[in-house]
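What follows is the residue order along each chain.
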Amino acid sequence: MINDITYVNLPSPFLEDALWIYPLGVLGLYTISKKEHKNVQFLDLNRLGHNGGITLDILNTIRNINTPVIAISVTTPQARFLPLFLSLNHKFLVAGGPHATYCPSEVLSMGFNMVVMGEGEYFAQNWYKLKGAIIKGNSEANLNLLPFPDRSAIIGYKGPVPIMAGRGCPYSCSFCSNANSNVRWRSPENIVEELLSIKEEDI
């Protein structure tokens, strides 16, 4: 693959105000890839407004993506936006996130080239040399090793700045994509370090 990639945060039709919750997951992957490659872009479609539907602004913005690789994080309510990317000729399309993890065959049958199942840090570090249609992400055991998300890539969010203190859940709620997953925590020192790095924000 060519070392140019765009990470896409899809519109969130399940939120009353899409600009209330930071897209920490895909933002973190963008941050990791950007450390090693120059042309790594972050595209936040939430900022365009959508009212749960597909707008001309969204369509035109997608058509103007100029990197050969496009990586999209998708939940099930956001899956309605995936077909919009299939008209982009000669793009390598990657999908990750909860919907891609639990419905990889469906996403690949749509025309996507690769699905990343589970946590995406392994993809973000190695995407330019990965091969195969399905990539199973490796959970990062030591969350203290992850870089702080580059929040400068997003603007216009109204809610408090979130901090990811841990991952996983020991419980088995039937509606949750994180049920019975490996629980890991960041150290208090590492969390405080991130808090201090964004102390000018409204936490």
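Preceding block: the structure.
What you see as residue numbers is a count from 1 along each chain, following the sequence as written. Side-chain atom pairs in this predicted model are given and counted only at pLDDT of 80 or more, local residue features only at pLDDT of at least 70, and totals for whole chains, interfaces and linings cover all residues. Computation of side-chain values: all heavy atoms of the structure, hydrogens and water removed.

Visitor: What's the story with the overall build of the chain in this structure? I'm lost.
Guide: The way it works is that DSSP assigns letters per residue, a run of H or I at least four long becomes a helix, a run of E at least two long becomes a strand, and they are numbered from the N terminus. Secondary structure summary: the chain contains six helices and eight strands in total. Across the chain, helices and strands are ordered from the amino to the carboxyl terminus as β-α-β-α-β-β-α-α-β-α-β-β-β-α. The size measure is the radius of gyration over C-alpha atoms, and the globule rule it meets is 2.2 Å times the number of residues to the 0.38 power. Taken against the 2.2 N^0.38 rule, which gives 17 Å for 203 residues, the C-alpha radius of gyration of the chain at 17 Å falls within 12% of a compact globule. Taken over the C-alpha atoms alone, the chain extends approximately 45 × 40 × 35 Å along its principal axes. We call a residue buried when its accessible area falls under 20% of the maximum for its residue type, exposed when it is over 50%, and partly exposed in between, using a 1.4 Å probe and counting protein chains only. For the chain, with 203 residues in total, the buried portion stands at 42%.

Visitor: Which parts of the structure should I look at to understand the sheet that holds strand β6 (residues 134–136)?
Guide: Paired through backbone hydrogen bonds, the strands of a sheet run either parallel or antiparallel to each other. Ordered in space as β2-β1-β3-β4-β5-β6, the six strands form an open sheet in which the pairing is parallel. Of all strands in the sheet, those bounded by a partner on one side alone are β2 (40–44) and β6. Ignoring which end each strand starts from, the neighbouring axes of this sheet average 20° apart. For two strands to be treated as a pair, DSSP must find no fewer than two bridges joining them. Pairing analysis gives five bridges linking strand β3 (residues 69–73) to strand β4 (residues 92–96), with the strands arranged parallel. From the neighbouring strand, A71 faces β4, where its bridge partner is V94. Whether two residues are in contact is decided by their heavy atoms, any of which lying within 4.5 Å being enough. To obtain each axis, a line is fitted to C-alpha atoms, and for helices this fit is confined to the stretch in contact; angles are then taken between N-to-C directions over 0 to 180 degrees. Across the sheet, helix α1 (residues 24–34) lies against β1 (5–9), β2 and β3, angled at about 165° from β2, the strand it touches most.

Visitor: Sorry, what's going on with unusual backbone geometry here?
Guide: Positive phi, close to 65°, is recorded for H90, a residue that is not glycine. Mapped onto the elements, H90 comes out in the loop between β3 and β4.

Visitor: Would you explain the packing of aromatic side chains in this entry?
Guide: The geometry of an aromatic ring pair is captured by the separation of the ring centres together with the interplanar angle, meaning the angle of the planes. Pairs were defined over the aromatic rings of Phe, Tyr and Trp, the Trp ring being its six-membered one, requiring ring centres within 6.5 Å. Orientation was assigned from the angle between planes: stacked under 30 degrees, edge-to-face over 60, tilted for the rest. Tallied over the entire structure, the rule returns three aromatic pairs. Consider the rings of Y22 and Y157, whose centres lie 5.2 Å apart with planes at 45°: the pair is tilted. Here the residue Y22 occupies a position in the loop between β1 and α1, and Y157 occupies one in the loop between β6 and β7 (166–167), the gap between them amounting to 135 residues. There is no split in this pair, since Y22 and Y157 are both buried. Note on W127 and Y128: the rings are 5.8 Å apart at their centroids and 90° apart in plane angle, and the pair reads as edge-to-face. Exposure remark for W127: the relative accessible area of 0% places this residue in the buried category.

What is shown is where atoms sit, not what they do.
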